[in-house]
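Each chain is listed here by its residues.
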Amino acid sequence: MPFVFRGQNLDAILGDPLNAANSLYGIMSAADPQFMEDLRLHWKKHVRETPGVNGTAWRPALKAFAAIAKDWWSTYSDHRLAGILYGTGHSVATAAVTGAQSSAQFLRDFEAARDEAFYVFFQFASVNELAGVSFQATYYHYDVSALFEQRAHSKLKAIVSRRVIETAQIMLRILYGNMSMGWGSLYSTRTLATTLLLAQMHNAALSTYRSRYTDRRCYNQSAVAFTLLTFSYIVAQAWRDKRYEFDEARWYSFWKLVGSLLGVDTRLIADNHAEAATLWELFFEEHECQGGPSAPNPTTLDPRRINSGLRQGYAVQPEANLLQWVPAFIVTQLRNGKRWGKYLIGR
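This is a predicted model, so every value here is computed, not measured. (Residues numbered from 1 in each chain as written. Predicted model: local features only at pLDDT ≥ 70, side-chain atom pairs only at ≥ 80, totals over all residues. Heavy atoms only, no water.)

A.B. asks: Account for the environment of Ile269, naming residues and giving values.
C.D. replies: Here Ile269 lies in the loop between α12 (248-261) and α13 (273-285). For Ile269, a relative accessible area of 6% puts it in the buried group. Ile269 sits 14 residues away from Trp255 along the chain, and the two C-alpha atoms are 8.3 Å apart. Beyond its immediate chain neighbours, meaning those up to four positions away, Ile269 contacts Phe5, Arg6, Lys256, Gly259, Ser260, Val264 and Glu275. (Helix = DSSP H or I, 4+ residues; strand = E, 2+ residues; numbered from the N terminus. Buried < 20%, exposed > 50% of the residue type's maximum accessible area, 1.4 Å probe, protein only. Contact = heavy atoms within 4.5 Å.)

In structure tokens, the structure reads:
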């Protein structure tokens, strides 16, 4: 059966690289190729200067992302990049992705979506799902599993823990806007550049691997689209199950924009929870993911569908430097006190 989502047969794009023309990554590549090349070279320089850990190819990445935050001027600001995306010749394509007709409206919508995602992420229900289900559920996908089977660090407990914690730290930078502390926060957020750098990092590190299961590149449209679901759909379903209040439209808008900045084809990204549920089922029905056509419960990990060799090293230890985000956790709770009040009194 073909992979049909929203009435479109997407079989032909599942194995494509992460540079879709209808993604914000693709649009930015066309609108300002020099900026995208600068990001690529920025990552390449970081790799050249950073040794692999324990003799593996894995290199800590946070220093490269922190370097963006240190630029207090407009080079990496969201305002500048939004202006490029909505510049002459690219505004129509950008609006088709974002739904906003101007850079100003896009930035307002994006900030609201990012703020909502920040709130949702900083709840114990979300942390439990992310740590207990989402990260490991990515291995359901044949090509994701094949990718990490080939990377030596995937079976080393210490590195797996560091890799997962680092992914969380990069996501926190995206949610927080990757601003410089102090005076730097007066300028602008850098969410767009941070996510585009993440895309460049993944393209450089993962694009050469091929899957023994599907005989296509491991880092492809299908693999990343499914990975997005393991974060967006699983967490949203957990919140639905607990009947917690959150703005679902903004939550999915945030993930759509993040996915698009990573180069995912817009046709493979869910706009709402119903579409996310349909897409989740499709990945299993069409054998993109392991374990047969019946999709597993999204909020319960099914270890039978995951390579046991990859799972055995998957024990994540918290790091002290995550404590820097405790003030942000407190602030986001206080800002959303009315929501929790309504929930606690049963309204």
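So, next bit.
A.B. asks: Got a sec to walk through the environment of Arg6? Specific residues and values, please.
C.D. replies: Its place among the elements puts Arg6 in the loop between β1 (4-5) and β2 (8-9). Measuring from C-alpha to C-alpha, the distance between Arg6 and Leu268 comes to 9.3 Å, with 262 residues separating the pair along the chain. When near neighbours in sequence (up to four residues on either side) are disregarded, Arg6 contacts Thr266, Arg267, Ile269, Ala270, Asp271 and Glu275. In this structure the side chain of Arg6 is engaged in a polar contact, spanning 3.0 Å, whose partner is the backbone oxygen of Thr266. (Polar contact = N/O pair within 3.5 Å; in protein donor to acceptor, adjacent residues only side chain to side chain.)

A.B. asks: Before we move on, could you go through unusual backbone geometry and cite the residues and values that matter?
C.D. replies: When glycine is set aside, most residues are seen to have a negative phi, and most peptide bonds are trans. Notably, Arg6 is not glycine yet its phi reads approximately 55°, a positive angle. Overall, Arg6 belongs to the partly exposed group, its relative accessible area being 34%.

A.B. asks: Run through the packing of aromatic side chains, naming residues and quoting values.
C.D. replies: On inspection of all chains with the given rule, the structure shows 22 aromatic pairs. Note on Trp239 and Tyr244: the rings are 5.3 Å apart at their centroids and 85° apart in plane angle, and the pair reads as edge-to-face. Here the two residues Trp239 and Tyr244 agree in accessibility, since each one is buried. Pairing Trp280 with Phe284 gives two aromatic rings, centres 5.5 Å apart and planes at 55°, and the pair type is tilted. Here Phe284 and Trp280 lie together in helix α13, a separation of four residues that amounts to about one turn. (Phe/Tyr/Trp six-rings, centres within 6.5 Å; stacked < 30°, edge-to-face > 60°.)

A.B. asks: Just give me the short version of the nonpolar core, but keep the residues and values in it.
C.D. replies: Nonpolar side chains tend toward joint burial in soluble globular proteins. If you look at the biggest cluster of nonpolar residues, it comprises 103 residues, and the most contacted ones within it are Trp251 and Phe254. No other element matches the twelve residues that helix α11 (residues 221-242) contributes to this core. Those residues in contact with Trp251 that sit more than four places away from it in its chain are Glu116, Ala117, Val120, Phe121, Phe231, Ser232, Val235, Ala236 and Phe246. (Core = buried A, V, L, I, M, F, W, Y, C linked by side-chain atoms within 4.5 Å.)

A.B. asks: So, α11: which residues are in play, and what are the values?
C.D. replies: Here α11 spans 31 Å end to end across 22 residues, near enough to the 32 Å set by a 1.5 Å rise per residue. Leu229 marks where α11 bends most, by close to 30°. The buried count for α11 comes to 18 of 22 residues, which makes it a mostly enclosed element. The N-capping residue of α11, defined by a side-chain oxygen 3.2 Å from the backbone nitrogen of Ser222, is Asn220. Among the residues trailing α11, Arg243 stands out with phi positive, at a value near 60°. (Expected span 1.5 Å × (residues − 1). Bend = angle between axes of the 7 residues up to and from the residue.)

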